[in-house]
Amino acid sequence: MFLQPASYRRRRRRDAARFLPVVGLFLFLLPVLWAPQDTPRRDTAPDGIYLFVVWGLLIAAALMISRALALPGEDDDPDPDPGADQDLRS
Amino acid sequence: MPFNLLVLSCLAYVIFLFAVAWWAERRAARGRLGWLQSPLIYTLSLSIYCTAWTFYGAVGYAARSGLEFLTIYLGPTIVFVGWWWMLRKLVRIGRRQGVTSIADLLSSRFGKSNLLGVIVTVIAVVAATPYIALQLQSVTLSFSVFASPTDDGLTPPGTEATAIWVATGLAIFTILFGTRNLDAKEQHHGIVTAIAVEAVVKLVALVAVGVFVVWGLADGPFDMKARIHASSISDWNLQPGRWAGLMFASGAAVVCLPRMFQVMVVENADERHLSTASWAFPLYLFAMSLFIVPIAVMGLERLPAGANADMFVLTLPLAEGQGALAMLAFLGGFSSATSMVIVESIALATMVSNHIVMPVWLRLRPAKGMSGDVRRLVLLARRISIAVVLGLGYAYYRKSGGSATLAAIGLIAFAGVAQFLPAMVFGLFWRGATRVGAVLGLSVGFVIWAYTLFLPSFGPDAVIPALVFAEGPWGLDWLRPRALFGVGAMDPLIHALFWSMTLNTAAFLIGSLFTFPGPVERMQGAAFVHVFDSAAANPRGWQRGLAEPEDLLVMSQRIMGDEDALAFFEAEAKDQGKAGYLPDPSPQFMARLERRLAGSVGAATAHAMMSQLAGRATVTVEDLMAVASESAQIMEYSARLESQQDELTRTARALREANDKLTQLSVQKDAFLSQISHELRTPMTSIRAFSEILTEGDLPAPMVAHYGRIIHDEARRLTRLLDDLLDLSVLENGTVQLNLGLTNLSQMIDRALASASHTKPERSFTIHRDLPMENIFLRTDADRLVQVFINLISNARKYCDATAPELRISVRQKGGRVTIDFIDNGSGIPQDSQALIFEKFARLTDQTRAGGAGLGLAICREVMANLGGTITYLPGQGGAAFRVAVPLRLEQQVA
C-alpha cells in the first residue's frame, strides 16, 4: 500500500499538464476585462509587461511539467493500471 | 545595396541552405541521424510558424494596432503548453497511422473517405494562396526597399518582375529538394534541417535589430518604456472580440495549417520531442515577439510619416546607416519567407497528389494501378502541384495588388484553415463524429469563409460586385457578405470567423447526430479516439486469404520500390516463421502493408489499391465487438491471449511447412532412386550391349568406330553424372578447396554467357546488362561463381518459354554485399514449387529434354553457401528470377 503515493503523484502531474492551458487562457484574456477604459490615454507598456511576464511564467511552468512528465515510470496510458513494477521505479 | 550584389547574396544563401539540406540527407541516408533527430531540431523546425508575417508584418501590425499582434503568438502558446490535451494524441495517431497530411488525417479518420480528402485539399490550397502571396509580397517589398541601382546603371526590376522571379526560384528549389524521392513515411530530413537553420537565422536577425533599437537607439529598457508611452501606439484600444477571436484563430491555425501539420506530425521522429517543444516553441515565439513593439515605436519615431510600417525591421537599420545589420535583417526576412513557402508547397503537393491525382488516375485506369510505375506518377504530380501552388500564390498577389498589410492577408488564411478544427477535434475525441457530418461542416465553413472573407479581400467589384456588398445578392439584405443575417456591427474578420466557425460546427454536429457511420468508419473512429488504448488501436479490416501475396508484392514494388518492398515482405515472412519473400496474407500483414503503403500515397488511395486486389474490406463480427466493447481490461487480456496464440500459430506454421517439405522430399527421394538407377542403367546397358558386339569381332571398321563413339559418349554421360554427385557431396561436406582471388564481375558474366551459349544454341536470347554497375572486383572463387552463373543462364535458356526470350542481369552493391539478379521473361515458377527447386533431384517438369539429373540448382546452392553467399528465388518479377548474393570480399574461412 505504501507504493500508492507514487502513482497518485503521477496522475496529479498529468492533471497539472491539463490545467496549465486553462490557466494560461484565463490570464491572457484578463486584459479584456480592463479594456474599456474611460481614460483616453491608455498605457501600453504595463499591459505589454504583464503579458510578457505571464507568458514567461507559463513557459517556465510548461518546462517544469514537461520535465516531471519525462520521469521514469511515465508511460503512455492516460489512466494507467498501477502496475507494481512501474511504481517501484518512480 | 547594389541590386546585383543583393541577388548574389540571396543566391549564395540559397546555395548554403541547399548544402545544409544535402548534407543532412546524406547523413540520414547513412543512418547516422544523431542530433538531426533531436528535440532541438524539432522545435526549431516548428518555428516555420513564424513567416515573413512575423518578421516584417508583426512590426507593422504593432504600429497600427498596438499589442494586438501578440494574439497571433499567444494562441499557439496555449495550444503548446496544453499539448497533453490534443497535440500528444495528434502526434501519436499520426505515427500510428502513417498519416501524410492533414487531408490524410481527416480522410483516414472518417472511414478513409476520398471525398473528404478532396474537400480538405481544396480548402487547404485555396486558404494557402493568400498566405503564399504574403511571402512573395514581403520579399518583393524588401527587395524594392533594399536594392539600389548598380554603378553601371543596372536598375532593379519592377516589383512584378521581382515577384515572378522569386516565385520561380522558390518553385525550383522546392521541387529539387522536396520531391527527389518518395519516402516510406514522407519525411524530409534535409528540408527539416534547412528549416531549422533558417529558424536560427531569423531569430538572430530579429533579436539583433531589437537589441540595436533598445540599447543602440534608445537608452535601455526604461527609456524604451517611456518612449512607448509617448508614441502613438499607446492609443490603441483593445477590442475584446478581436483579442479573443484572433487568439482562437491562431491557436486553431497552429494545428490546422498544412505546413505546421507537416513539421509537427508528419516529420516527427520521436513523440518525446513534443514534450520539449511544449515549452521551447512558446519560448521561441516569446523571443520573436519581445522586440516587436520597441522596433515599431522607434520606426514611428524616426522614420518619415509615410514609411511602410511593415518594412521597419529593414528600413530602420538602413536609415541609421547600419548596413551589415540591414543585410542580416534582409536575410532573416528572406529566410522566413522561403522556409514557409517550401514546406507549405511540399505539404500541399503531397495532399494534391495523394487525394486528387492518384484517385482520379486509379479510377480512369484501374488495371494500370497494378502494372504502371506509380512512383514516377506520384513524383510528377507533386512537382506540378508545387508549381501550381506557387502560381496561385503569385496570381493572388497580382490580383490583390500587393498593397494590403501583411497581417491582414495572413489572417484570411488563418480563418480559412481554422475550418478544419471542428472535424479534427471532434474526430479525435468523439466516436460519434461521422463522415457526413465532416463533409457538411467543412463545406459550409468553406463556403461562408470564401463568401465573407476570401472573395471580398480582392476588393469591391473584383469578384463580388459592389452592389452585393451594399444590398446583398438578389437584393437579399440579410445575405450581405460583410453583414450576414444582419449582423453588421462586427469587425469583418471576426464576423467571418464567427459565422463560418459557428455554422461549420453546427452542420458538423447535426450531420453526425443524424447519420450512421459505416463499418470502416466506426473502426477508424475507435482507433483514433482510443489511440492510447493499445488493443483497440489496431483495427483489422482484411479478411484472410483474399489476395495473393505475389500480387501484393508486385503492387507494393510499384509504390515502395523493388528493394524496400522485397525487404518489407521478407521481414514479414520471417515474422510469420516463413522463409523467402512471400508471407501469408494474414489480416495483420494486410493491415501493416496498407499502413506502409498509406505512408507513400495516403490512406484512401492505399485502401482503394488494396481493395482492388483483395475485394472490399470485410469487417467481422469480432472486429465490431472489439470496437463496441468499452472494457479495456477484457481487451488487454484477450490481447495477451492473442499474442500467445500468435506465437503458437507461428510455430505451428513453421512445423507444418517443415513437415510438408519432408514429405515432399521423401517422395522425391524415392523418385530419385528410381530416376538415378534409370539414369545409371541406361548408359550402362548400351555400353554393355555395344561392347559385347565389339568383342565378337568381324565388324567393318566404320561400324567399330561408330559403336566405339557410342560407348564413349555414354561413358562420358555417366562420368558427368557421377561428377555432379561427387561435387555435391564435397560441397555439402564443406571440404571444398576455394581458390580465392580478385576477379572482375563483368568478366565472370562474360565467361558464363559464352559457356552457356552452347545450351540450346538454336534459341536466340536478348540479354540486358548494366555494364557500369557490373564493373566491380570481387574477392571470391571465380570458377565456382561462374559455374553458378552458367547454371542459371542455361536454365533460362532451357526453360524460358517466351517467344522472344529475354534475360536481364542486374547488379547492385549494398554494404559489403553484391547482388546479381537473373530475370527472364518466361512464365516463372509456380509458387508451390518455389520452395523445392533448390533441393536435389528436383525437376519441375518431366520433360526429358531438360537432360540433367536435377542437380544444377542444388549444386548452385551449395556453391553459394561455400562462397559465403546465398541464392534465392525472387517472386513477382514477371518471370523466373534468381538472386545471387555474394560478399564483396570473401575471407578464407578457418576450416
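Residues numbered from 1 in each chain as written. Chains lettered and ligands numbered in written order. Predicted model: local features only at pLDDT ≥ 70, side-chain atom pairs only at ≥ 80, totals over all residues.

Caption draft 1: Here's a closer look at the interface of chain A and chain B. The interface is formed by 33 residues belonging to chain A together with 33 residues belonging to chain B. Secondary structure elements with two or more residues in the side of chain A that touches chain B: helix H1 (4-33) and helix H2 (44-69) of chain A. Broken down by element, the side of chain A that touches chain B gets its largest block of residues, 14 residues, from H2(A). Among the residues forming the side of chain A that touches chain B, the class breakdown is 20 nonpolar, five polar and eight charged. (Contact = placed C-beta atoms within 7 Å. Helix = DSSP H or I, 4+ residues; strand = E, 2+ residues; numbered from the N terminus. Nonpolar A, V, L, I, M, F, W, Y, C, P; charged D, E, K, R; others polar.)

Caption draft 2: How the structure looks around unusual backbone geometry. A positive phi angle is found at B:Lys112, which is not glycine, with a value near 50°. Among the secondary structure elements, B:Lys112 is positioned in the loop between helix H6 (102-109) and helix H7 (114-146).

Caption draft 3: Up close: the environment of B:Asp235. Locating B:Asp235 in the fold gives a position in the loop between helix H10 (220-230) and helix H11 (240-256). By C-beta crowding, B:Asp235 is classed as exposed, having 11 other C-beta atoms within 10 Å. (Buried ≥ 20, exposed ≤ 12 C-beta atoms within 10 Å, placed from the backbone.)

Caption draft 4: Region of the structure containing the confidence of the model for chain B. For chain B, the mean per-residue pLDDT works out to 81, and 90% of the residues sit at or above 70. Reported confidence for the predicted complex is 0.82 by ipTM and 0.72 by pTM. (pLDDT = per-residue confidence, 0-100.)

Caption draft 5: Inspection of helix H13 (residues 272-290) of chain B at higher detail. Here H13(B) contains 19 residues, and its C-alpha end-to-end distance of 28 Å stays within 8% of the 27 Å for a straight helix at 1.5 Å per residue. At B:Ser278, H13(B) shows its largest bend, some 40°, and a proline, B:Pro282, comes one to four positions later. (Expected span 1.5 Å × (residues − 1). Bend = angle between axes of the 7 residues up to and from the residue.)

Caption draft 6: How the structure looks around the packing of helix H4 (residues 71-81) of chain B against H13(B). Residue and element names in this part refer to chain B. One way to put it is that H4 packs onto H13 with a least axis distance of 8 Å and a crossing angle of 165°. Overall, the two elements H4 and H13 adopt an arrangement that is roughly antiparallel. At the point where H4 passes H13, the crossing takes the left-handed sense. Residues Tyr73, Pro76, Thr77, Phe80 and Val81 of H4 touch H13, and the partners they reach there are Ala277, Ser278, Phe281, Pro282, Leu285 and Ser289. Tallied by class, residues from the contact of H4 with H13 come to eight nonpolar, three polar and no charged. (Axes fitted to C-alpha atoms, helices over the stretch in contact; angles between N-to-C directions. Parallel < 35°, antiparallel > 145°, perpendicular 65-115°, else oblique. Left-handed = near helix turned anticlockwise from the far one by under 90°.)

Caption draft 7: Representation of the pairing of strand E7 (residues 817-824) of chain B in the model. Residue and element names in this part refer to chain B. Judged from the eight bridges that link them, strand E6 (residues 806-814) and E7 form a sheet pairing that is antiparallel. Counted as the bridge partner of Arg812 is Thr819 from E7. Here E6 folds back onto E7 in antiparallel fashion, the turn holding two residues, of which Gly815 has a positive phi close to 65°. With seven bridges connecting them, E7 and strand E9 (residues 881-887) associate as antiparallel partners. Bridging across to E9, Asp821 finds its partner in Arg883. (Pairing = 2+ DSSP bridges.)

Caption draft 8: Looking closely at the packing of helix H3 (residues 52-65) of chain B against H7(B). All names here are of chain B. Contact pair H3 / H7: the axes reach a minimum separation of 10 Å and the direction vectors enclose 65°. The element H3 and its partner H7 pack so that their crossing is left-handed. Taking contact as the criterion, the partners of Ala52, Trp53 and Tyr56 in H3 are, on H7, Leu134, Gln135, Ser138 and Val139. Tallied by class, the residues present in the contact of H3 with H7 amount to five nonpolar, two polar and no charged.

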